[in-house]
Every structure is written in structure tokens, then in C-alpha cells.
Amino acid sequence: MSEHDPVALAERFARYRTEVLAEVEPPGPAAVRRTVRQRRRRTRGTAVAAILALGTGPIFGYAALTDPAPRPGPVDPTGTPSPSPSVSGSVSPSAAPSSASPTAAVPDGRISRAQLLATPVSLPAWRPGPSCPVTDTRLVGTATRDETNVLQRLAYGDVDGDGATETVALVHCLLGTGGPEQVVVFDRDAAGKVVTLGRVVATAREMPQWLTDVTVRSDGVVRVQVADIAPGGGWPGEWSQRQWRGYRWADGRFTQVEGPTSFGPNPHAMNLVVTATDLVLDTLPDGARVGTVTVRIRNAGSGPARYVALRLGLPAALRPDGDGWAACRNEPETTREPVTCDLNRLDAGTEVRLTLGFRAAAGATVGQGTADVDARPMDSRFDFVEEVYEGDNRVRIDYR
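All residue numbers here refer to positions counted from 1 along the written sequence of the relevant chain. Reporting of local features is limited, given that this is a predicted model, to residues whose pLDDT is at least 70; pairs of side-chain atoms are given and counted only at 80 or more, and all residues count toward the totals for whole chains, interfaces and linings. Hydrogens and water molecules were not included; the side-chain quantities draw on all heavy atoms of the structure.

## Some points on the overall build of the protein
Secondary structure follows DSSP: runs of H or I at least 4 residues long count as helices, runs of E at least 2 residues long count as strands, and numbering of each begins at the N terminus. A tally of regular secondary structure across the protein gives 4 helices and 17 strands. Relative accessibility decides the category of a residue: with a 1.4 Å probe and only protein chains considered, values under 20% of the type maximum give buried, values over 50% give exposed, and everything between is partly exposed. The proportion of buried residues among the 400 residues of the protein is 33%. Whether two residues touch is decided by their heavy atoms; if any such pair falls within 4.5 Å, the residues are in contact. Within the protein, counting contacts between residues at least 6 apart in sequence, those at least 24 apart form 58% of the total. Surface exposure here means Shrake-Rupley accessible area, sampled with a 1.4 Å probe, where a residue is shielded only by the protein chains that are shown. Put simply, the protein shows about 23,800 Å² of open surface, and 52% of that area lies on carbon and sulfur atoms.

## Remarks on the state of the cysteines
Any pair of cysteine sulfurs within 2.5 Å is marked as a disulfide. Scanning the model with the defined rule gives 2 disulfides in all. Between the sulfur atoms of Cys132 and its disulfide partner Cys173 the distance amounts to 2.2 Å. On the sign convention where negative means left-handed, the S-S torsion of about 95 degrees between Cys132 and Cys173 marks this disulfide as right-handed. Placement of the pair is Cys132 in the loop between α4 (113–117) and β1 (149–157) and Cys173 in strand β2 (residues 166–173), with a sequence separation of 41 residues. For the residue pair Cys132 and Cys173, the accessibility class agrees, reading buried in each case. A disulfide bridge connects Cys328 with Cys341, and the sulfur atoms are separated by 1.9 Å.

## Some points on the packing of aromatic side chains
The pairing test for Phe, Tyr and Trp rings, Trp by its six-membered ring, is centres within 6.5 Å, and the orientation test on the planes gives stacked under 30 degrees, edge-to-face over 60, and tilted for anything in between. If you walk through the whole model with that rule in mind, you get 4 aromatic pairs. For the pair Trp325 and Phe358, a centre-to-centre distance of 5.4 Å together with 90 degrees between the ring planes defines the contact as edge-to-face. Of this pair, Trp325 sits in the loop between β13 (319–321) and β14 (339–343) while Phe358 sits in strand β15 (residues 351–360), and the two are 33 residues apart along the sequence. Consider the ring centre and the ring normal. A charge sits over the ring if Lys NZ or Arg CZ is within 6 Å of that centre and within 35 degrees of that normal. The ring of Tyr156 carries Arg110 above its face, with NZ or CZ at 4.3 Å from the centroid.

Structure, rendered in C-alpha cells:
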């Protein structure tokens, strides 16, 4: 090898470093320091390689010049590394004990009769007029004086849908021989105090005047048996018409959801009042005797009489005569003692006035005396119906 070969080889290595390193993007400071250290090692290695090439001959030297040089190794990143990407999908966290307190149990609203009688309660207001107390009042089991709230019946069930039982009470405000009634629901608050949930239904001056029973169905409907007319004053309870009506708790109050909402006419609710004039007979030229009776029938009750049977207890010799009998549904002339006239419906507050003629044939013995005039109400089957005031259904007249 000539003395100029080592110099030429060094120049080629210097040009190679210049061309390659110019194409590499400058790394950060840490990488620069590493690169500097690598360059120093490579410089030393190059010098060793040159010496070896000089000692081994031109074959290895030319191979190093013709083979491509290896690319620089990867550059280590600088600064804080980015976090690892999160794993897709949800990961169930480990169960941790909850600090929240468990849901409080719903208070039991079942109140015994003894407990309810021993506890002051508040009631929904009674209707206007003389009434019983409603605030912090004690219910009584047996009425001993006026203006006391009498506990009549109890029923139990979940009426507000909270999963606990409530107490349904039928309460009567005693005023004389009667007084209003209402069905009230009681419950307990979280402290165990008896509270009033609300009123289900109450009596009215018109109808219903009487509450007779109460139950609670499994679906929470409060069923109350109501009656049109309250017993008393000669009115027996068996005459009252009764209905079951259902009520449900919604939006803070009870509303009727099933059953009738009104009553039909009560057949016992009428009061027929009868008045009549005496029968004075005149003698005709042919010897026959004739006369008239004026009868007034008034319905002073609150319900209609479906039919009215009028009876006149005059002697059999006196027979119906004239057009005054046209209002009768039957044929009065075919009836005997008493003479009967069947009339149609008589509504409450109305009256019928009849002028009824009688004739006695010539030579018939009539005489003089007294006779009963009587009016009786009938139902749709033409059966007689009892009414409270029957004393004014009959009057006595004279005939002569």
C-alpha cells in the first residue's frame, strides 16, 4: 500500500459522517449527549478499523467502502412519557361498603280499638251547624251524652299503597237521636304517633243520611255501605235503601271509583195526607138520592207514591155516579163496600183533587152515619207500602 492510502481512507470516513448526520433530525439534549459518546466510540473504532485494514490488505478496505453503512439506532424519547392507553370496556370496581343508611320501614298503621279510644285524634270537619269537636278529641265506644264522637266500626287494609296497613274508622257525631257520620282513615307517622290520613265519605242532609258498614279490599279500595235515609222518628232501618260504594286514595284524597252515585225513589219516603168533605144527599123527583164528596190527597213526603189506592167506606146502597171517577184506573162501580178508586203516581209535594158523585136508587135505604175515607200508597207491584205518618192517611166523614 502506498503512503497516501491511509490519508485517503480517513478523508472518505469524514465525508461519510458529514453527509449522513446532516440528514438526521437533531434529537433532544439527552440524545445529543449519547450521540456524542457514540461518535467518540465510533471514531476510535474507525481508527482501529483503518489500522486493521492497512494490515489485512486492500480486499477488506474496499469492502468497507462499497457496503452500505448501517443506519443510526433509534433515538430515546425525552421528557415525561405519555400514559398507557386505557383498556376498552368497563371494569367492575371492587365492592365497597355503602355509607348510606338502609331505607326506613314504613310505619304500621294498624291501630286497635282500645288504642284508638285512648288516643286524642283530629277529625275532618263535620258539616256546618251544631256538631262534635274535631281537634284533639277522644272517640268514645258508647254514647253517653250529646256532641260526642262515637267509634262504630273498624276495618284494616293498605289504602294508600305504601305496603303498610292503615285503620279505617266509621265515626258518628251524636246529636240528639241522630247526627252526621263519616268514614276516616288513620295512620302512624315515623315517630309512631296516630295521624289522620283523610276522610273517605260523609253523610249529607239529603242523601246518603246513614253509613252502615265499611270494609277494605285487597287492592286498597275502601268499600262503604251507605243508606238513603237514617232510621229514627218512626223510620225503621229496614226501609232504607242501601248501596256499596268504593273509594280509592289518589292525589291526596279519596274519590269514589265504583258503585252507584245516587239513590232511586224510596217507596217508603212518601207521606199521604187525606182530607174530605161530608156527603150530603139530595132527593131527585124520581126518588133517587144523589150527592158528592170532594177528596184531596197530598203527598207531603220526599218520595213519590207509585200508585194510590183510595177507599171510601160508604153504605153499599150508594154507588159511584158521574164523570168524577174518570181518574180511576179501575172500575169503581164494580166494587162494593168500600168503594175503591185506584190512582196513578203522586209525586212528592203534589196533590190530587177529586169530586166524586154518589147515587142511591129510589126506595133504597141509606140512612145517615159516618164513613172512613182512606188513601194508601202502593209500589210497582201494587202492594201496599208502609209510611211513617199513617195517622193522616184517613179521615172520617158524615153522610146524610
